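What follows is the residue order along each chain.
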Amino acid sequence: MSGLALLDYASVLVFALTGALVASRAQLDLVGFAFIACLTAVGGGTLRDLLLDRHPVFWVGQPGYILIGAGAAILVFFTAHLVESRYNWLVWLDSFALSIAVAAGTGAALSLGQSGTIVVLMGVTTGCLGGLMRDVVCNEVPLVLKQGELYVSCALAGAVTAVATNRLGLDELTTLAICALTCWALRAGSLLFGWKLPVYKSRPPRR
């Protein structure tokens, strides 16, 4: 099994757990859990593969990804009540899923010889879209857009780092590891220390 496939499996598993946790907060049934978990798990990677014209889409070629998502949903359905703060688990699991998925997206684009701009965009797309779908469908405030936290900027930084390290001639494993660590360090710093970018503040119009 290739390193890129392992990254896809890891991101599917962790993102599926976050989807199931959101489903538990929405008090859905088991089928709802599985739907949200799988939507979250494969959403970003599906758009990535469609845009990169990769055939078949990763989970169509390997249906085991969907089984992993469904298994994660069943696990959370029967254990979520044991967790004291499902939201804390959600944001931290999501931070790991984001970092792994950004590395998977950038790795897929790099393997196809795409330009730096496309590599960065595929990393951000793979990392952010599944979680955005999850939160919108479950009527949650999207973590991607939550004010006062870094999210998309973490994915962007990780993907840019991957492009830079790749051009320095580092091997694939090192490049993707640095990408994931950069993304996660920024996201964790935002959660722990309140790191954030300046936000727009409206001002009275000038006459």
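Heads up: these notes are all about the structure in this document. Note that the coordinates shown come from a computational prediction; the quantities given were computed from them, not determined experimentally.

### Notes on the packing of helix H2 (residues 30–52) against helix H4 (residues 64–79)
Alright, step 1. Orientation of H2 relative to H4, taken along the N-to-C sense of each, is 130°, at an axis distance of 8 Å. Here H4 runs oblique to H2, going by the angle between their axes. Here the hand of the crossing between H2 and H4 comes out right-handed. Contacts between H2 and H4 involve Leu30, Phe33, Ala34, Ala37, Cys38 and Val42 from the first element and Ile66, Gly69, Ala70, Ala73, Ile74, Val76 and Phe77 from the second.
Alright, step 2. Here the residues of the contact of H2 with H4 are counted per class, giving 12 nonpolar, 1 polar and no charged.

### What about helix H5 (residues 86–111)?
Alright, step 1. The end-to-end C-alpha distance of H5 is 37 Å, a good match for the 38 Å that 26 residues give at a rise of 1.5 Å each.
Alright, step 2. Just past H5, the residue Gly113 takes up positive phi, approximately 70°.

### Details of a positive patch on the surface
Alright, step 1. A contiguous patch of positive charge on the surface is contributed by Lys196, Lys201, Arg203 and Arg206.
Alright, step 2. Tracing the backbone shows Arg206 in the segment after helix H8 (172–193).
Alright, step 3. By relative accessible area, Arg206 is classed as exposed at 83%.

### Let's talk about helix H6 (residues 116–137)
Alright, step 1. When the terminal C-alpha atoms of H6 are compared, their 32 Å separation across 22 residues agrees well with the 32 Å that a helix rising 1.5 Å per residue should span.
Alright, step 2. Just downstream of H6 lies Asn139, where phi reads positive at about 60°.

### Quick look at a nonpolar patch on the surface
Alright, step 1. There is a patch of nonpolar side chains on the surface, built from Leu30, Ile74, Phe77 and Phe78 and spanning about 350 Å² of accessible area.
Alright, step 2. Looking at which element gives the most residues to the nonpolar patch, the answer is H4, with 3 residues.
Alright, step 3. Mapping Ile74 onto the fold places it in helix H4.

### Structural notes on the side chain of Ser190
Alright, step 1. Topologically, Ser190 is positioned in helix H8.
Alright, step 2. Assessed through its relative accessible area of 4%, Ser190 is described here as buried.
Alright, step 3. In this structure the side chain of Ser190 is engaged in a polar contact, spanning 2.8 Å, whose partner is the backbone nitrogen of Leu150.

### Quick word on the packing of aromatic side chains
Alright, step 1. Scanning all chains against the criterion turns up 7 aromatic pairs.
Alright, step 2. Taking the centre distance of 4.1 Å and the plane angle of 20° together, the rings of Tyr9 and Tyr65 count as stacked. In this pair, Tyr9 sits in helix H1 (residues 3–25) while Tyr65 sits in helix H4, placing the two residues 56 residues apart along the sequence.
Alright, step 3. An angle of 70° between the planes, with centres 4.8 Å apart, marks the rings of Phe58 and Tyr65 as edge-to-face. Pair check on accessibility: Phe58 and Tyr65 agree, each one buried.
Alright, step 4. Aromatic rings pair up to connect Tyr9, Phe58 and Tyr65 into one cluster.
Alright, step 5. If you follow Arg48 out to its NZ or CZ, it ends over the ring of Phe58, 5.3 Å from the centre.

Basis of the calculations
Residues numbered from 1 in each chain as written. Predicted model: local features only at pLDDT ≥ 70, side-chain atom pairs only at ≥ 80, totals over all residues. Heavy atoms only, no water. Axes fitted to C-alpha atoms, helices over the stretch in contact; angles between N-to-C directions. Helix = DSSP H or I, 4+ residues; strand = E, 2+ residues; numbered from the N terminus. Parallel < 35°, antiparallel > 145°, perpendicular 65-115°, else oblique. Left-handed = near helix turned anticlockwise from the far one by under 90°. Contact = heavy atoms within 4.5 Å. Nonpolar A, V, L, I, M, F, W, Y, C, P; charged D, E, K, R; others polar. Expected span 1.5 Å × (residues − 1). Patch = residues over 30% accessible without salt bridge, like charges linked within 9 Å, V, L, I, M, F, W, Y side chains within 5 Å. Areas by Shrake-Rupley, 256 points an atom, 1.4 Å probe, with all protein chains shown as cover. Salt bridge = Lys/Arg side-chain N within 4 Å of Asp/Glu carboxyl O. Lys, Arg positive; Asp, Glu negative; His and termini not counted. Charge placed at Lys NZ, Arg CZ, Asp CG, Glu CD. Buried < 20%, exposed > 50% of the residue type's maximum accessible area, 1.4 Å probe, protein only. Polar contact = N/O pair within 3.5 Å; in protein donor to acceptor, adjacent residues only side chain to side chain. Phe/Tyr/Trp six-rings, centres within 6.5 Å; stacked < 30°, edge-to-face > 60°. Lys NZ or Arg CZ within 6 Å of the ring centre and 35° of its normal.

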